[in-house]
Amino acid sequence: MSTPRFDLVDVVHTIRNNRRTIIIISLVAAILGGVVYLVSKREYKAEGSFIMSNPLYTDRNNLFQATGIQFVDYFAGDDDVDRLMNVVESDTVKWDVAQKLHMAEYYKLDMNDPKKVKKLLETFKGNFNANRTEYNSIELSYTDPDPKLAADVVNETMTKIEQIFRDYYVGQRNKMAQSLKIKIAQMDTTINLLTDSLGKLRDQYKIYDLINPARQNIVNSTVKGSGANLGWAMEQVQNLESLKDQAVSDRARYTSRYEEYSTTGNAANIPLIHVLNAARVPVKPKPPGLILTILSCAIIGLFFSTIYILIRNYYRLLIAVER
């Protein structure tokens, strides 16, 4: 039994003979596509973009460079942008934005149900998109039937990301400044104790000369004093003076560091994220539109109806030959 012939000529003849059926199916598909488009909700896509500045630009080590001035790039490097993308994709940002915009109420989800909480995050992730460009800027978008909500989500997300990064870097500096402040208070207590002890020894033994060799080698060779155990008192005064001088010197150094960290810690008004394009409320629905939907459905109907008719006619030829 030979296989029936079904070459290009037969294909063309089959399509031509069934062109009416193919056209009808294509028109029906186009009409159905148009109806579905009209009855379905339109989705709007809001977009925004921002770029991150170098968080180390306002760092203490760069603002108060001790030796030489080293150039610090204004823009964040690849590593910083990688960390930024981790924050953008984190559930923390999505959850905070969803709470701020009352998205659970909008989607009618009960937050007391863990499954609904998971659904809210999944819905957010499905509608949200973040892309990193070749110039290290970040593009955000959110798609939703409510155009205002879509724009609010993008703008609130950028605000939240800025807050997280600023709080982290500024918080680290403030914590260091607070640690220095506590240390300075402890050193003040130590200095006051040394001052009291030293003052009592001097008054008791009438020793009012500088006898601390650490003070630029200033030593009075004719120390005056009185009372029993004068030699012991002189040694004690010298020891206390050296301790106090070192404590005062350390306190001055710590105070200087504290002022530096306080300066960089007050950089809360310097944004780490600069918005390039704020999200605006979209006025046109997300593509495809009505015309493109109708054309797409018509092409799909034309394609599948043609394939169906060719396969049907080919199998009819096979059955006829077998008989």
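Going by the structure above, here's the rest.
It is worth spelling out the overall build of the protein chain at this point. Looking only at helices and strands, the protein chain has ten helices and four strands in total. Listing the helices and strands of the protein chain from first to last along the sequence gives α-α-β-α-α-α-α-α-β-β-α-α-β-α. For the protein chain, with 323 residues in total, the buried portion stands at 33%. Restricting to contacts in the protein chain with at least 6 residues of sequence separation, those with at least 24 account for 77%.

The next point concerns helix H1 (residues 8-17). Of all the residues in H1, the buried ones are Asp10, Val11 and Thr14. An end-on view of H1 places all buried positions within 105 degrees of arc, on one side of the element.

Time to look at the nonpolar core. Counting 34 residues, the largest nonpolar core has Phe50, Leu84, Leu140 and Ile161 as the members making the most contacts within it. Among the elements of the structure, strand S1 (44-52), helix H4 (78-88), helix H5 (91-100), helix H6 (103-106), helix H7 (114-127), strand S2 (128-132), strand S3 (137-144) and helix H8 (147-205) are those that each provide at least two residues to this core. Here this core gets nine residues from one element, more than from any other, and that element is H8. Setting aside chain neighbours within four positions, we find Leu84 in contact with Phe50, Met52, Ile138, Ile161, Phe165 and Ile273.

Here we come to the packing of H5 against H7. Between H5 and H7, the least distance of the axes is 10 Å, while the angle of their chain directions is 105 degrees. Between H5 and H7, the crossing angle belongs to the class labelled roughly perpendicular. Across the interface between the two elements, Asp91, Lys94, Trp95, Val97 and Ala98 from H5 touch Val117, Leu120, Leu121, Phe124 and Lys125 from H7. Of the residues assigned to the contact of H5 with H7, the class counts are seven nonpolar, no polar and three charged.

Moving on to the pattern of salt bridges. In the structure shown here, the tally under the stated rule is 13 salt bridges. A salt bridge links Lys125 to Asp91, with the shortest nitrogen-to-oxygen separation between them at 3.1 Å. Of this pair, Lys125 sits in helix H7 while Asp91 sits in helix H5, and the two are 34 residues apart along the sequence. Residue Asp91 is classed as partly exposed on the basis of its relative accessible area, which comes to 36%.

A word on the pairing of S3. Most of S3 sits out of view: seven of its eight residues are buried. Pairing of S1 with S3, which is carried by eight bridges, proceeds in the antiparallel orientation. Bridge pairing links Ala46 to Tyr142 in S3. Pairing between S2 and S3: five bridges, direction antiparallel. If you follow Asn129 over to S3, its bridge partner there is Ser141. Between S2 and S3, which follow one another and run antiparallel, lie four residues, and Asn136 among them has a positive phi close to 65 degrees.

What follows is about the packing of H5 against H8. The N-to-C vectors of H5 and H8 enclose an angle of 125 degrees; their axes lie 10 Å apart at closest approach. With respect to H8, the element H5 is oriented oblique. For the crossing formed where H5 meets H8, the hand is right-handed. Contact residues: Val93, Asp96, Val97 and Lys100 in H5; Val153, Glu156, Thr157, Lys160, Ile161 and Ile164 in H8. For the contact of H5 with H8, the residue count by class is five nonpolar, one polar and four charged.

Further remarks concern the sheet that holds strand S4 (residues 273-277). Reading across from one edge, S2-S3-S1-S4 is the order of the four strands in this open sheet, with antiparallel pairing throughout. Both outer strands of the open sheet, S2 and S4, are each paired with one neighbouring strand and no more. Averaged over neighbouring strand pairs, the angle between their axes works out to 25 degrees when direction is ignored. Across the face of the sheet, H7 comes into contact with S2 and S3 while running at roughly 120 degrees to S3.

Right, let's talk about a nonpolar patch on the surface for a bit. Taken together, the side chains of Ile23, Leu27, Ile31, Val35, Val36, Leu38, Val39, Leu290, Ile291, Ile294 and Leu295 present a nonpolar region at the surface, about 1000 Å² in accessible area. The set of elements that each furnish at least two residues to the nonpolar patch consists of helix H2 (19-39) and helix H10 (290-322). Of the residues forming the nonpolar patch, the biggest block, seven residues, is contributed by H2. Along the polypeptide, Leu27 turns up in helix H2.

Thresholds applied
- Residues numbered from 1 in each chain as written.
- Predicted model: local features only at pLDDT ≥ 70, side-chain atom pairs only at ≥ 80, totals over all residues.
- Heavy atoms only, no water.
- Helix = DSSP H or I, 4+ residues; strand = E, 2+ residues; numbered from the N terminus.
- Buried < 20%, exposed > 50% of the residue type's maximum accessible area, 1.4 Å probe, protein only.
- Contact = heavy atoms within 4.5 Å.
- Arc of directions from axis to C-beta.
- Core = buried A, V, L, I, M, F, W, Y, C linked by side-chain atoms within 4.5 Å.
- Axes fitted to C-alpha atoms, helices over the stretch in contact; angles between N-to-C directions.
- Parallel < 35°, antiparallel > 145°, perpendicular 65-115°, else oblique.
- Nonpolar A, V, L, I, M, F, W, Y, C, P; charged D, E, K, R; others polar.
- Salt bridge = Lys/Arg side-chain N within 4 Å of Asp/Glu carboxyl O.
- Pairing = 2+ DSSP bridges.
- Left-handed = near helix turned anticlockwise from the far one by under 90°.
- Patch = residues over 30% accessible without salt bridge, like charges linked within 9 Å, V, L, I, M, F, W, Y side chains within 5 Å.
- Areas by Shrake-Rupley, 256 points an atom, 1.4 Å probe, with all protein chains shown as cover.

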